[in-house]
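What follows is each chain in one-letter form.
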There are 2 protein chains.
Amino acid sequence: MGSTVELENNIMGEFKHLVIVKFKENVLMEEILKDMEKMVAEIDDIKSFEWGQDLESLEMLRQGFTHAFLMTFKNKEDYSVFLGHPKHQEFSATFSTVIEKIVLLDFPATLVKPPPKAPAEEPSAAQNDQK
Amino acid sequence: MGSTVELENNIMGEFKHLVIVKFKENVLMEEILKDMEKMVAEIDDIKSFEWGQDLESLEMLRQGFTHAFLMTFKNKEDYSVFLGHPKHQEFSATFSTVIEKIVLLDFPATLVKPPPKAPAEEPSAAQNDQK
């Protein structure tokens, strides 16, 4: 078993709950995502939530998994509250019926390269980048 | 096959490169992480990088995977530059020798619940939370 490694210059980030999933066929993704968004909106302990669908990687590399869901919590205590939250348990019961396979990883995140602070200048240029 | 789902009120975020790994036994994690940090520091296209080691989840849920690595890019173009970058290819060649299993997912991230802006107040309280 590996031990926890802490390197110099790293910033301990928040606690992350990462879920990667292969859904069953003919699953209504719109419904699942709406339920998930509802749960996230209702549980204050979830600090941020983002997700994505891999449409490009080689099947060999993603091994059937198609979706990643990443929740961020301020700390492990908030994550524990989330785990026991009735809205989460209700969602999980439904979610477990639509997945073909799943991997969960829960960890304190180490932020090695923090994103740069948004510059105060050039706000119009940044807006033009968006479509 | 599922189609891309776009929901109301979502913010299209950056492009993410997510890697989850089970390492071979007796691998020197310190060395791997140092190599990874070096690569990340040398490639400007990587906007941010964080990683974590799951020390708690049930084995049934994490299925042998222990580490998650998450890189964020401004957009898919930057990610493509990273893929072809000599420093990345050099790192990947070494990395592939230490992993027992791996899943990669690459996707444009949809940010459903953006993190709250850091308040300007209470900086001392935040510092006290850190250990």
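In the block above lies the structure referred to throughout.
Just so we're clear, the structure is a prediction, and the values are computed from it rather than from any experiment.

How each quantity is defined
- Residues numbered from 1 in each chain as written.
- Chains lettered and ligands numbered in written order.
- Predicted model: local features only at pLDDT ≥ 70, side-chain atom pairs only at ≥ 80, totals over all residues.
- Heavy atoms only, no water.
- Helix = DSSP H or I, 4+ residues; strand = E, 2+ residues; numbered from the N terminus.
- Buried < 20%, exposed > 50% of the residue type's maximum accessible area, 1.4 Å probe, protein only.
- Contact = heavy atoms within 4.5 Å.
- Areas by Shrake-Rupley, 256 points an atom, 1.4 Å probe, with all protein chains shown as cover.
- Salt bridge = Lys/Arg side-chain N within 4 Å of Asp/Glu carboxyl O.
- Polar contact = N/O pair within 3.5 Å; in protein donor to acceptor, adjacent residues only side chain to side chain.
- Nonpolar A, V, L, I, M, F, W, Y, C, P; charged D, E, K, R; others polar.
- Pairing = 2+ DSSP bridges.
- Axes fitted to C-alpha atoms, helices over the stretch in contact; angles between N-to-C directions.
- Parallel < 35°, antiparallel > 145°, perpendicular 65-115°, else oblique.
- Left-handed = near helix turned anticlockwise from the far one by under 90°.
- Least-squares fit on C-alpha atoms with pLDDT ≥ 70 in both.

Trainee: I would appreciate a short explanation of the overall build of chain A in the present structure.
Mentor: The helix and strand inventory of chain A stands at 5 helices and 4 strands. Counting from the amino terminus, helix and strand elements in chain A follow one another as β-α-β-α-β-α-α-β-α. Counting only residues that meet the buried cut, chain A has 44% of its 131 residues in that class. Across chain A, contacts joining residues at least 24 apart in sequence account for 80% of those joining residues at least 6 apart. For chain A, the accessible area works out to roughly 7,700 Å², and carbon and sulfur atoms hold 53% of it.

Trainee: What's the story with the interface of chain A and chain B in this structure? I'm lost.
Mentor: The parts lose accessible area when they come together, and the size of an interface is often stated as this lost area. Contact residues are listed per partner, giving 55 residues for chain A and 55 residues for chain B. Where chain A meets chain B, there are 2 salt bridges. With its nearest N and O atoms 3.5 Å apart, the salt bridge here joins Lys16(A) to Glu50(B). Linking chain A with chain B are 21 residue pairs in polar contact (both at pLDDT 80 or more). Looking at the side of chain A that touches chain B element by element, the count peaks at 12 residues for strand β4 (residues 99–113) of chain A. For the side of chain A that touches chain B, the per-class residue count stands at 29 nonpolar, 12 polar and 14 charged. Sheet topology note: the β4(A)/strand β2 (residues 46–53) of chain B ladder contains 3 bridges and is antiparallel. Directly across from Thr110(A), in β2(B), lies its bridge partner Trp51(B).

Trainee: Mind showing me how you'd approach the packing of helix α1 (residues 29–42) of chain B against helix α4 (residues 86–95) of chain B here?
Mentor: Two numbers describe a pair of packed helices, the interaxial angle and the distance between the axes. All names here are of chain B. At a closest axis distance of 10 Å, the pairing of α1 and α4 adopts a crossing angle of 165°. It follows that α1 is roughly antiparallel to α4 by the angle criterion. Here α1 and α4 pass one another in a crossing that is left-handed. Mapping the contact onto sequence places Ile32, Asp35, Met36, Met39 and Glu42 in α1 and Lys87, His88, Phe91 and Phe95 in α4. Partitioning the contact of α1 with α4 into residue classes produces 5 nonpolar, 1 polar and 3 charged.

Trainee: For this particular structure, what's the right way to read the pairing of β2(B)?
Mentor: Within a regular strand, side chains alternate between the sheet's two faces. Residue and element names in this part refer to chain B. Of all 8 residues making up β2, 7 are buried, and the element is well covered by its neighbours. Direction of pairing for β2 relative to strand β3 (residues 67–73): antiparallel, over a ladder of 7 bridges. If you follow Gln53 over to β3, its bridge partner there is His67.

Trainee: Looking at this structure, how should I read the environment of Pro114(A)?
Mentor: Residue and element names in this part refer to chain A. Looking at the element boundaries, Pro114 is found in the loop between β4 and α5 (123–129). Given the relative accessible area of 38%, Pro114 is considered partly exposed. Residues Pro114 and Asp78, spaced 36 residues apart in sequence, show a C-alpha to C-alpha distance of 22 Å.

Trainee: Which parts of the structure should I look at to understand the relation of the copies chain A and chain B?
Mentor: Here two copies of a chain appear, and what relates them is a rotation about an axis with a shift along it. Structural alignment of chain A on chain B gives an RMSD of 0.0 Å, achieved by rotating through 180° and translating 0.0 Å along the axis. The superposition operator between the copies reduces to a two-fold rotation axis. Both copies contact each other with a shared surface, as 100% of the interface residues of chain A are interface residues in chain B too.

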